[in-house]
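Residue-level listing of the chains:
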Amino acid sequence: MSWHPQYRSSKFRHVYGKAASKEKCYDCVPITRNVHDNHFCAVNPHFIAVVTECAGGGSFLVIPIYQTGKLDPHYPKICGHKGNVLDIKWNPFNDFVIASCSEDATVKIWDIPKHLLTRNITSPKKELLGHVRRVGLIEWHPTANNILFSSGYDYKIMVWNLDTKEAVISNPVKILDAHKDVVLSMSFNTDGSLLATACRDRKIRLIDPRAGRVLQEASYKSHRVNKVLFLGNVNKLFSTGTSRWNNRQIALWDQNDLSVPLLEEDLDGSSGLLFPFYDSDTHMLYVVGKGDGNIRYYEISPEKPYLNYLMEYRSHLPQKGIGEWQHVSNVTRG
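All values reported here derive from a predicted model rather than from experimental measurement. (Residues numbered from 1 in each chain as written. Predicted model: local features only at pLDDT ≥ 70, side-chain atom pairs only at ≥ 80, totals over all residues. Heavy atoms only, no water.)

> Lay out the UniProt feature "repeat: WD" (unreviewed entry) in the chain in plain terms, naming residues and giving numbers.
In the numbering used here, UniProt assigns the "repeat: WD" (unreviewed entry) feature to residues 78–112, 128–170 and 176–217. Annotation note: span residues 78–112, helix share 0%, strand share 63%, distance between end C-alpha atoms 9 Å. (UniProt positions renumbered as here; feature names shortened; annotations may be inferred. Helix = DSSP H or I, 4+ residues; strand = E, 2+ residues; numbered from the N terminus.)

> Just give me the short version of the sheet that holds strand β14 (residues 168–169), but keep the residues and values in it.
Strand order in the open sheet formed by 5 strands is β7-β8-β9-β10-β14, with mixed pairing between adjacent strands. Edge positions in the sheet fall to β7 (85–90) and β14, since each of these pairs with one other strand and no more. When strand β8 (residues 97–102) meets strand β9 (residues 106–111), the two strands line up antiparallel, connected through 5 bridges. Along β9, the bridge assignment pairs A99 with I109. (Pairing = 2+ DSSP bridges.)

> Before we move on, could you go through the pattern of salt bridges and cite the residues and values that matter?
By the definition in use, this model includes 14 salt bridges. E139 is the salt-bridge partner of K89, the closest N and O atoms lying 3.2 Å from each other. Residue K89 is located in strand β7, and its partner E139 is located in strand β11 (residues 135–140); the two are separated by 50 residues in the primary sequence. Classification of K89 by relative accessible area gives buried; the value is 15%. Among the ionic pairs, E217 bridges to R205, the shortest N-O distance being 3.2 Å. (Salt bridge = Lys/Arg side-chain N within 4 Å of Asp/Glu carboxyl O. Buried < 20%, exposed > 50% of the residue type's maximum accessible area, 1.4 Å probe, protein only.)

See the structure below:
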């Protein structure tokens, strides 16, 4: 009989996080005070975008990623929305295009100039009009260029084709009408053939976005889901939520069987929402709590126990927003 050691071999067992020095941070950024449960921050190889506090309408900042230090209080903004901006996402195919959605029930697409902004941008490249209530989530399709998904408080997910000449698009190419309550989270698998959603009815749904069919539905009573995430190509879903006793909880699911999670774990009794991020190159998972001062790291493995805790980064400052790009992550703090 072969002998197996009790410890697990991993090159990430001693990974740790380190805050950037003051001169490499972005200072005096007027971060939004909106309590909507979203990232409020998006990053790509060229820019960091942050939803900001403003009077009358909604706006966000786009800062070149290497322009660190103190931000000019008169730095130009992207400010074409009539209500608070609730989500921003960079186009994965074009680093100079960003989408935003708002309480004004619109989605707007913006061209960002390659040079430094010298004045406010108020006119979007495209405006998407279809939702009748505020739009809380947007997600670009990972493999089809110019396809954008938006989810609103009208319980509908709309699919938009931006590859048209019209500046104002009023008709989505498809409407996914599978939810009876607000969608809290959307996540695509690697090739975009599957869409996972978490809904306020506490169910996870696996949807074929092309056909608009619900393939699976998880209604596991002891895990009330808030956020759901596809874990690359390992055929698993990761979710964060709360237990029956209102403890913050994480769960791992086999995407082919959502009846019962592969594992669930209570973390603590805090109230802040947990946001998961996955790096498919290193198989590392990051769990970030809004209002927390720590970021937990895990490693995903193909065999049991599947989810291996590594370490956590701790700070005395609470997190207000989180954005990720490949191996680079940005955390906005108060």
